Amino acid sequence: MELHFTKSICQCLQKVVCQTVSQEQTQEIRLPDSLPDIGRVLGCWGQVIIRGKEWRGNGMNVSGGVMVWVLYAPEDGSQIRSMEGWVPMQMKWDFPQTQRDGAICVQPLLKSVDARSVSPRKLMVRTLVSAMGEALEPVDMDIFTAPQVPEDVQLNKQTYPLELPMEAGEKSFQMEEDLSIPPSAPPVSQILRYWMEPSILEQKVLAGRLVFRGNAMLRMRYCTEDGSIHNWDWEIPMSQYTELDKDHSPSATASIVPIVTNLELNRDEEGKWKMNCGISAQYTVFDRQILELISDAYSVSRQVQPRTEMLKLPVRLEQRQEDMTLKGQWEGQGQKIFDISFGAGHPKQIQMDEELEMELPGVFQMLYTDENGDLQDTQVRCSDSMTMANDPGNRVSVLVQSLDDPHGTLTGDGAVLTANVRMTQDVYSEAGMPMVTALELGEAVQPDPNRPSLILRRTDDHGLWEIAKECGSTVDAICKANGLTSEPESGRLLLIPVM
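Definitions and cut-offs
Residues numbered from 1 in each chain as written. Predicted model: local features only at pLDDT ≥ 70, side-chain atom pairs only at ≥ 80, totals over all residues. Heavy atoms only, no water. Pairing = 2+ DSSP bridges. Helix = DSSP H or I, 4+ residues; strand = E, 2+ residues; numbered from the N terminus. Axes fitted to C-alpha atoms, helices over the stretch in contact; angles between N-to-C directions. Core = buried A, V, L, I, M, F, W, Y, C linked by side-chain atoms within 4.5 Å. Buried < 20%, exposed > 50% of the residue type's maximum accessible area, 1.4 Å probe, protein only. Contact = heavy atoms within 4.5 Å. Phe/Tyr/Trp six-rings, centres within 6.5 Å; stacked < 30°, edge-to-face > 60°. Lys NZ or Arg CZ within 6 Å of the ring centre and 35° of its normal. Patch = residues over 30% accessible without salt bridge, like charges linked within 9 Å, V, L, I, M, F, W, Y side chains within 5 Å. Areas by Shrake-Rupley, 256 points an atom, 1.4 Å probe, with all protein chains shown as cover. Salt bridge = Lys/Arg side-chain N within 4 Å of Asp/Glu carboxyl O.

### Here's the deal with the sheet that holds strand S3 (residues 38-55)
The pairing of strands in a sheet comes from backbone hydrogen bonds and takes either a parallel or an antiparallel form.
So, step 1. Taking strand neighbours across the sheet as the criterion, the three strands line up as S3-S4-S5 in an open arrangement whose pairing is antiparallel. Unpaired on one side and paired on the other, S3 and strand S5 (81-94) mark the two borders of the sheet. Ignoring strand direction, the axes of neighbouring strands in this sheet form an average angle of 20°.
So, step 2. Where strand S4 (residues 59-74) meets S5, 14 bridges bridge the pair, whose relative direction is antiparallel. Within S5, the residue paired with Met67 across the bridge is Trp86.

### Observations concerning the nonpolar core
Buried together is how nonpolar side chains tend to be arranged in soluble globular proteins.
So, step 1. Residues Tyr194, Leu218, Met220, Leu263 and Met275 are the most contacted members of the largest nonpolar core, which totals 36 residues.
So, step 2. Only S4, strand S8 (153-179), strand S9 (190-206), strand S10 (209-223), strand S11 (229-243), strand S12 (253-267) and strand S13 (273-299) provide two or more residues apiece to this core.
So, step 3. The greatest single-element share of this core, amounting to seven residues, is contributed by S13.
So, step 4. Every residue in contact with Met220, bar those within four places of it in the chain, is listed here: Ile181, Val188, Ile191, Arg193, Tyr194, His230, Asn231, Trp232, Asp233, Trp234 and Leu265.
So, step 5. Counting 33 residues, the second largest nonpolar core, distinct from the first, contains Ile29, Val68, Met83 and Ile104.

### Observations concerning the packing of aromatic side chains
So, step 1. Under the definition given, this model contains seven aromatic pairs.
So, step 2. Where Phe286 meets Tyr428, the ring centres are 6.4 Å apart and the plane angle is 40°; that geometry is what we call tilted. Highlighted residues: Phe286 in strand S13 and Tyr428 in strand S22 (residues 414-429), separated in sequence by 142 residues.
So, step 3. We classify Phe286 as buried; its relative accessible area is 1%.
So, step 4. Residue placement shows Arg193 over the ring face of Trp195; its charged tip is 3.9 Å from the ring centre.
So, step 5. Sitting over the ring of Tyr241, Arg209 keeps its end group 4.2 Å from the ring centre.

### Overview of a nonpolar patch on the surface
So, step 1. A contiguous nonpolar patch, built from Leu454, Leu456, Leu493 and Leu495 and spanning about 380 Å² of accessible area, is present on the exposed surface.
So, step 2. Of all the secondary structure elements, the ones that give two or more residues to the nonpolar patch are strand S24 (454-458) and strand S25 (493-497).
So, step 3. Mapped onto the elements of the fold, Leu456 is located in strand S24.
So, step 4. We classify Leu456 as exposed; its relative accessible area is 60%.

### Some details on unusual backbone geometry
So, step 1. We note that Ala207 has phi near 55°; this positive angle belongs to a residue other than glycine.
So, step 2. Within the fold, Ala207 resides in the loop between S9 and S10.
So, step 3. Ala207 sits in the partly exposed class, given a relative accessible area of 37%.
So, step 4. A positive phi angle is found at Asp353, which is not glycine, with a value near 50°.
So, step 5. Residue position: Asp353 is located in the loop between strand S17 (348-352) and strand S18 (355-370).
So, step 6. Asp353 sits in the exposed class, given a relative accessible area of 68%.

### Notes on the sheet that holds S8
So, step 1. Taken in spatial order, the three strands line up as S8-S13-S12 in an open sheet, and their pairing is antiparallel. Each having just a single partner strand, S8 and S12 make up the two edges of the open sheet. Sheet twist, expressed as the average angle between the axes of neighbouring strands with direction ignored, equals 10°.
So, step 2. Helix-sheet contacts for helix H1 (residues 464-471) involve S8 and S13, and the interaxial angle to S13 is about 25°.

In structure tokens:
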């Protein structure tokens, strides 16, 4: 006789793809008529802008580009100039055909940007962008529970408290601010570059609503009339909420990845700065689900053949944060450092037995004056690694963010550059859970009258379920005979009542 189990649905999200894609783009940019001819390129910087995301069923596209600023010394010997440009990009991820449209989360990092002059009026700009892309598809996972079974059939019930991704989306919003530099600061002659660094400081899931707050740090490098370079930063608080598709439990949490979707900084006639910035907060909500599964079955009086499947759910085991300090060494002669920027790459993961080595690369860019007082720009590559305990069956997803401004110190023969970064690691289990979906039951038979009624057995490394199944007993009977309320310690002698 075949006994079918009752089927129910567990709704969650599964990752269709989690992959880093890199793209190198080159773009010719012509100088506007208002700027003098190029003499020497001094430096180049950029800001990644994500303008659109598209789910295609069997893949996804992310479009946008890099806002670039090229600093150069004019051919006529006049004051240094900066030119803003745009390098478009289109990134693609392929994955198997999906049944439903899902959510896209992307974390772009600008790995490098450089420029060279191809003529007095034309620049060739090259950018390299690395993006970690995730596609999350809603799925209905089949869960099987046991119906009423005969009294002699023993079921091994396992309860799993699981943290699962339940829904994902994004909250897009615009920030418009009037900003001003205090009169005590040197006046701005021209902007050399500006960029935005959004960060999430706190988030909370309140039933059907996600509330979060953070800062949008707008940074500007500018030049005064006398050619000196100065920095100014604005910290703009942001507080937002978004309605979720369903209500979640009080233990629900969210993971949020902010990206910049547009950025403009202009000066009006009164000298005030007007900032317009678009930010998209990409979120994934995790909630606790309690599942009771039947992992095995047997009987002391009949043949029982369980039909078993492996249930694979996207279980998040933990979230942890690791801070790292990356250092770079530059060899050369310098008088003064004007600007240091740092770009981190996506970490390379190497699994070694029970440990995971994570190697994080980065690039420092330093604008300085050399021993002759001439403005120069240089790049210094660096990397550092860390090792952590990790089961080979686990998968680790990493979000990289800078903690503060990179800084450098000139020495007699160069400079020491440092940057502090934080890696937020989500650890997922890829191991399945055994789940009985049906039982093939034989006819009940009378027990052998010659079998012993009591067995003395050492536990070794077996649990109560394995011992009871091997010896023809039950877990309840063994617990009562030995006064147990939990699994016994290894090596203990047990009395096994044979049923």
